[in-house]
Structures are given as structure tokens and as C-alpha cells.
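Take a look at the letters that make up each chain.
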Amino acid sequence: MKEKKLLIISTQVAGGCFQYSNEIIARWPGKKELVMAARTAEPHTLTPDWSVKYWGYPAFLRALSLACSVAKILTGIIRGKYSGILLFGTTKWERIILKAWKTSRLPSYIVIHDGVMHTGEKNDKQQKLILQLMKMSSHLIFLSQYVKEEVKEKFGIDKPSIIAPHGLIDYGPLPVVKKTEKPMLLFFGRIARYKGVELLLEAIKKVPSELYDKLIIAGEWLYRNNTDCDTDKILIIDRILSPEEIKRCLAFSDIIIFPYIEATQSGVATLAINYLIPSIATEVGAFREQLNDNTTVFVHPDAAELAAAITGLLKNPERLESMKEALKRLRAEYSWERIAENLANEISKSIREKTGKGQ
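On a predicted model such as this, the values are computed, not experimentally measured, just so you know.

Asks: An account of the pattern of salt bridges is requested, with residue identities and associated values reported.
Replies: Considering all chains together, one arrives at twelve salt bridges under this definition. When the shortest N-O distance is used, the salt bridge between K205 and E202 registers 3.6 Å. Judged by its relative accessible area of 52%, K205 falls in the exposed class. On the basis of relative accessible area, E202 is assigned to the partly exposed category, the value being 34%. Put simply, K324 and E321 hold a salt bridge, and the shortest N to O gap is 3.3 Å. Taken as a pair, K324 and E321 lie in helix α11 (residues 317–331) at a separation of three residues, close to a single helical turn. For K324, a relative accessible area of 27% translates into the label partly exposed. Owing to a relative accessible area of 46%, E321 belongs among the partly exposed residues under this scheme. Salt bridges sharing partners connect three or more residues here, namely E23, R27 and E337.

Structure (C-alpha cells):
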């Protein structure tokens, strides 16, 4: 009898969710049938078994592609090809696919990055769609225990789930740069209101200027910022950075700051881990799951407390060195190989429990 495959579908086309799905799929150890968007906004090296016209096509071609895809999936179900389905997307396509998949009575798994949308990004239609998808899927995959608990508390959804954290973001070796005599501070990433940049700008006013060279705030702003700041000590780069620009920022930086007002998990935190850069983070979201007291100084989202933490760390170079050593140990836990293998094992285990068979 032919071995059944896990059907994996990714409608991701760009950004952190695109990288997350691609890294896991590239290292998937089990039998799979891979379906991806035929066009993506960012390049990738994966070779899907077949593709869908999800993005970058006229509406009628997209609708036709969706209909053909559903028919193909239903045919595969009838022929007994599949052991389950894994979805890396939270769009209307996944809702239609899950409705069709229900006829199989086979397990379904969907990756949920943010079960509850962030302040400043809330969209009632998208939140409703995410909620529908979580209710429709038999199993949920979260990137942190925090998001799992948040979904349970907010929506009362408590079904079989797996935690598969975000692995290391790796842009390759950092360039050799001439470091400044005093430490450089960095905030990096897409800048939304919930990320607390105003809190950071308020806190940095209380940090003695002679302790650091500059604070770099790098990333595209999603709203207008009217906060006054010292342009001699603060460099704001308001745009999407290229990988080479990101590497230069990281190469110059000695401390990464996460002043978030709220959070789930952070992809940028894995940059700090991968490139061994100590950090200061607020006690929100899943930062404590991703980092620990040996790698990070944790504070409440308060300007005075954040300023004290920055000042204290700048005055303690020995602590900075010990944090780098702790980051070396932590880095091994976030390899994509380990994450993909653990996820595949958990899915295989749950399929065996439901069907009494392996993949």
C-alpha cells in the first residue's frame, strides 16, 4: 500500500510568515505534497509539487485556480493520498479549503501567528476570519505558549495544539565594521504603535548621553510620529531595510531594545539570539519564552524603568559579555532543523492517535 502524504499548503508570499513557512517546509523530514503560491513577492528556493494562482493574477484566474485546487484536493482525499493537511496561511482560501477538507474527517493543522490582532492593526474582518479558521481546524499550531493562552482566554478555544517557535533569522555573516568607542543601541523592525517606540524615545531622554554613541531606530513607520527627539543622539531610518542594511545595523549594535506595549512573539528577538546581541525587553507577550534572564534585562513597559535598565547595562560591560555567552547556548534551541523535526513528529503522533496509522 502506498504511503500517505501530509498535504502542506502555503499561501504566504512575503514577510516574516513567508520566511517561517519556507524554513520549516525546506527541512520537513516526512512524506509531503507541497502546494505554494505560483508567484511570490519575495524569492524562495522551494519546489512545490503544484502551485496555485493565489497572488499577482487577475481575479477570475485566482477564482478558477481556487476551484481547481479544491477539486484536486477532493480527488486526492477520495484516492486516499493524504494523512492530514497543514496550512501556512489565514486567508479566505484556507477557509474554503478547510470546508472541503471536512469531508475527509482527517486531521487538519493551521499555523496561527497572532490569534488576537495587535493594537493599531485590528481589523474586524480579519480577526473574524482568523477565529473561524481556528474553530474549523482540528489542531492549532502556535509560535508561543503565550498566544495559545491568549486565544483560550479571549475566545474560549482550547483544542489540541502544538508549539512551534520562530527559528533563527539569519542574513548571513555580519560585515566587519569599525565599532564606535561607546555602545550603540538599536530598535529594529516594522514600527507599529504597539511596539512602544514613543516609550523608548521618552526613556532615552533619561539616559546619560555620555554612556552611548547613538540609538538607531530602523524600520518602516506605519503611522505618523510626532515625538520630539535629539537628532544628534538618535538616528531614525524610516523605510524597509535591505538585508545588507540590516546586517550593517546589527554589526554596529551592542544592545537591542524591545520596548513593546504588547506583543506575541518577536522575529527580531531571534535576530538578537542569532547574532549574539544582548537585549532589554518589556515584560509583555512571549519575550520570556524566547529569551531569559541570562540574555536579557526585563522591565515593565514604563519609561523610567526602561531608562534605568538601559543605563545600568551601559555601565556594566562585564554583564554584556556574560549575556553574549548565554546567547550562544540559547542559539542552539532555535535551529530550524530542530523546530521542523519537532513539529513533524508532533503531527505524526497526533495522526497516529486519530487514525491508528503513521504517515
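Asks: Break down the packing of helix α2 (residues 59–78) against helix α3 (residues 92–101) for me, citing the residues and quoting the values.
Replies: Packing of α2 against α3 brings their axes to within 10 Å, and their N-to-C directions diverge by 25°. Overall, the two elements α2 and α3 adopt an arrangement that is roughly parallel. Viewed along their axes, α2 and α3 form a crossing whose handedness is right-handed. Between α2, through R62, S65, L66, V70, I73, L74 and I77, and α3, the contact on the second element is made entirely by W93, I96, I97, A100 and W101. Per-class residue counts for the contact of α2 with α3 are ten nonpolar, one polar and one charged.

Asks: An account of helix α8 (residues 267–274) is requested, with residue identities and associated values reported.
Replies: Burial of α8 is extensive: seven of the eight residues sit out of reach of the surface. Against β8 (184–188), α7 (243–252), β11 (255–258), α9 (287–290) and α11 lie the buried residues of α8. By the N-cap criterion, in which a side-chain oxygen at the helix start approaches the backbone nitrogen of a residue two or three places on, α8 is capped by S266, the distance to V268 being 3.2 Å. Phi turns positive, to about 55°, at L276, one or two residues after α8.

Asks: Summarise the pairing of β11; cite the residues concerned and give the values.
Replies: Side chains of β11 alternate between two faces, with I255 and I257 and I256 and F258 buried alike. In this structure, β8 lies alongside β11, joined through two bridges in parallel fashion. When the sheet's bridge partners are listed, L185 is paired in β11 with I255. Both β11 and strand β12 (residues 279–282) contribute to a ladder of three bridges, which runs parallel. Opposite I256, over in β12, you have S279 as the bridge partner.

So, how was this worked out
- Residues numbered from 1 in each chain as written.
- Predicted model: local features only at pLDDT ≥ 70, side-chain atom pairs only at ≥ 80, totals over all residues.
- Heavy atoms only, no water.
- Salt bridge = Lys/Arg side-chain N within 4 Å of Asp/Glu carboxyl O.
- Buried < 20%, exposed > 50% of the residue type's maximum accessible area, 1.4 Å probe, protein only.
- Helix = DSSP H or I, 4+ residues; strand = E, 2+ residues; numbered from the N terminus.
- Axes fitted to C-alpha atoms, helices over the stretch in contact; angles between N-to-C directions.
- Parallel < 35°, antiparallel > 145°, perpendicular 65-115°, else oblique.
- Left-handed = near helix turned anticlockwise from the far one by under 90°.
- Contact = heavy atoms within 4.5 Å.
- Nonpolar A, V, L, I, M, F, W, Y, C, P; charged D, E, K, R; others polar.
- Polar contact = N/O pair within 3.5 Å; in protein donor to acceptor, adjacent residues only side chain to side chain.
- Pairing = 2+ DSSP bridges.

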